[in-house]
Every structure is written in C-alpha cells, then in structure tokens.
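A structural walkthrough
Listed below, chain by chain, are the residues.
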Amino acid sequence: MVDERLQAEGVSEPYELADTSKLDEACEVVIELKARQREQNIIAREAGIENKNVNPLIDRHLDISVIKSLFFDTNVQTVLAENLGKDLFVWRTNFFVKKEGTGDNKWHHDRHFENGDEPINIYDTKNHFTLLVALTDIDTNAGRIEYIKGTHQPISGFDRNIPRHFQETPRIVEDRVA
C-alpha cells in the first residue's frame, strides 16, 4: 500500500521489520565497529598522524551478513517496492552510535552521491532516499529525528543550493520542521 505521508511529507511512519531476531546481533556488530574506529583514532592521535583507515562503520551491508539481512528484510523490501519501485540498490550504509547525551546533529541533507562520481544535483529529488534502520529505540535523549516536511519536492522560494551541514533552519521552511 502506498504510504500517503511519505508521498506528501517525504517521511513515513515507522515500519516494523518482519524479522527482529537479528537486531541485537547487528547492534553488537556496530558497537564492535565503533570500538575499532575509536582505537584507530587513538593510535593515529598518539602517533601524531592522520587516521587514513577506512571508516569501519561505512558500507558494512556489503560484507557483514547480519547487516545485509536488515536491508533485505521482507517488510523493508515490500515498503520500498510499493513506494519507490523495485529497481533499487543499497548504495551506502553508515552507522551512527548515539548514546544518551550525545547532543544534536546539525541540520544536513543526506544527498551524498549522484550517479557515481557526477556532481550532486540537489534539485533532483526523484532518485535518492534515506532509509533509517534503528537498532535501538529512538527517543528525545538519544537519537531523536527531526526533519523538514516536504523538502523532497520543490518549495517556492527555498533554495536547495545549501551547504552539506548548516546551523539555522532556513526561514522559508521553519514552519515545516517536525
């Protein structure tokens, strides 16, 4: 069934995974990867060099089966097919470990890629979406999500030529923050 809220606001209500039995294992894997990243950063800092290791939290859907299984969950695949079509692939995964008191994220857009290495066209809203898979509960203390309704479609007077991260909500869309 087509998600009307997704079509209108660019965000949907949460969906349940068909199989939640692997969430704990996935969470443990991500915590281990975060610890590896922390170790890499400490070693680099102590050596006085830049950490040039590949971020261990990126693209693990390619090589860790429990992570891959989350994206190929029956419910996830059904919702994607009904709302966005079947000709899709997972391009990038990234995990953010948020603990109580972590603080707010800066406003940002999730448009990182565009047809491989081509320049990003922030005005093209047809071929990109973000899927959030929460491995733990999301609440106001650890991981709350805010978004600007409707920015998946053109908004008169809203210039999409914005930096990747920004502090203040653009005035023209302030009333759309949810």
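All residue numbers refer to position in the chain's written sequence, counted from 1. Residue-level local features of this predicted model are given only where pLDDT is at least 70; pairs of side-chain atoms are given and counted only at 80 or more, and the full residue set underlies all totals for whole chains, interfaces and linings. Processing note: side-chain calculations cover all non-hydrogen atoms of the structure and skip hydrogens and water entirely.

1. Considering the overall build of the protein chain
Secondary structure is summarised from DSSP: a helix means a run of H or I of at least four residues, a strand means a run of E of at least two, and numbering begins at the N terminus for each. Counting secondary structure elements, the protein chain contains 4 helices and 2 strands. Mapped from its N terminus to its C terminus, the protein chain presents α and β elements in the order α-α-α-α-β-β. The 178 residues of the protein chain split such that 27% are buried. To be clear on the numbers: accessible area is Shrake-Rupley with a 1.4 Å probe, and residue cover counts the displayed protein chains and nothing else. Counting every atom, the protein chain has about 12,900 Å² of accessible surface; 49% of that belongs to carbon and sulfur. Exposure categories follow from relative accessible area, calculated using a 1.4 Å probe and restricted to protein chains: below 20% of the type maximum is buried, above 50% is exposed, and the middle band is partly exposed.

2. Some thoughts on the environment of Asp24
In this fold, Asp24 is placed in helix H2 (residues 23-47). Along the backbone, Asp24 and Thr136 are 112 residues apart, and their C-alpha atoms lie at a distance of 8.5 Å.

3. Some words on the nonpolar core
Taken as a class, soluble globular proteins show a tendency for nonpolar side chains to be buried jointly. Counting residues in each nonpolar core, the largest one holds 18 residues, and the members touching the most others are Ile67, Leu70 and Leu135. At the level of elements, H2, helix H3 (65-71) and helix H4 (74-84) are the ones that each hand at least two residues to this core. The dominant element in this core, judged by the number of residues it contributes, is H2, at 6 residues. Whether two residues are in contact is decided by their heavy atoms: any pair within 4.5 Å suffices. Excluding residues within four positions of it along the chain, Ile67 makes contact with Ala26, Val30, Arg60, His61 and Phe95. Ranked by size, the runner-up nonpolar core spans 6 residues in total, among them Trp107, Ile155, Phe158 and Val173. The set of buried Ala, Val, Leu, Ile, Met, Phe, Trp, Tyr and Cys residues whose side-chain atoms join them within 4.5 Å is what this entry labels a nonpolar core.

4. Looking at the confidence of the model for the protein chain
For the protein chain, mean pLDDT is 82; residues scoring 70 or higher make up 87% of the total. A score from 0 to 100, pLDDT tells how confident the predictor is in each residue. The secondary structure element of the protein chain with the lowest average pLDDT is strand E1 (residues 107-108), at 72, and the one with the highest is H2, at 95.

5. Describing unusual backbone geometry
Even without being glycine, Asp59 reaches a positive phi, approximately 60°. You can see Asp59 is positioned in the loop between H2 and H3.

6. Some thoughts on a nonpolar patch on the surface
Together, Leu84, Leu88, Phe129 and Leu131 make up an exposed nonpolar region whose accessible area comes to about 320 Å². Looking at the secondary structure, you find Phe129 in the loop between E1 and strand E2 (165-166). Exposure remark for Phe129: the relative accessible area of 37% places this residue in the partly exposed category. Residues form patches when they are more than 30% accessible in relative terms and have no salt bridge. Like charges link within 9 Å. Nonpolar side chains (Val, Leu, Ile, Met, Phe, Trp, Tyr) link within 5 Å. By salt bridge we mean one thing: a side-chain nitrogen of Lys or Arg within 4 Å of a carboxyl oxygen of Asp or Glu.

7. Here's the deal with the pattern of salt bridges
Within this structure, the stated rule accounts for 3 salt bridges. A salt bridge links Glu9 to Arg5, with the nearest nitrogen and oxygen atoms 3.2 Å apart. In this pair, Glu9 and Arg5 both sit in helix H1 (residues 4-9), 4 residues apart, roughly one turn of the helix. A residue is classified by how much of its surface remains accessible, and Glu9, at 22% relative accessible area, is partly exposed. For Arg5, a relative accessible area of 26% gives the class partly exposed. Close ionic contact of Asp59 with Arg92 constitutes a salt bridge, the shortest N to O distance being 3.0 Å.

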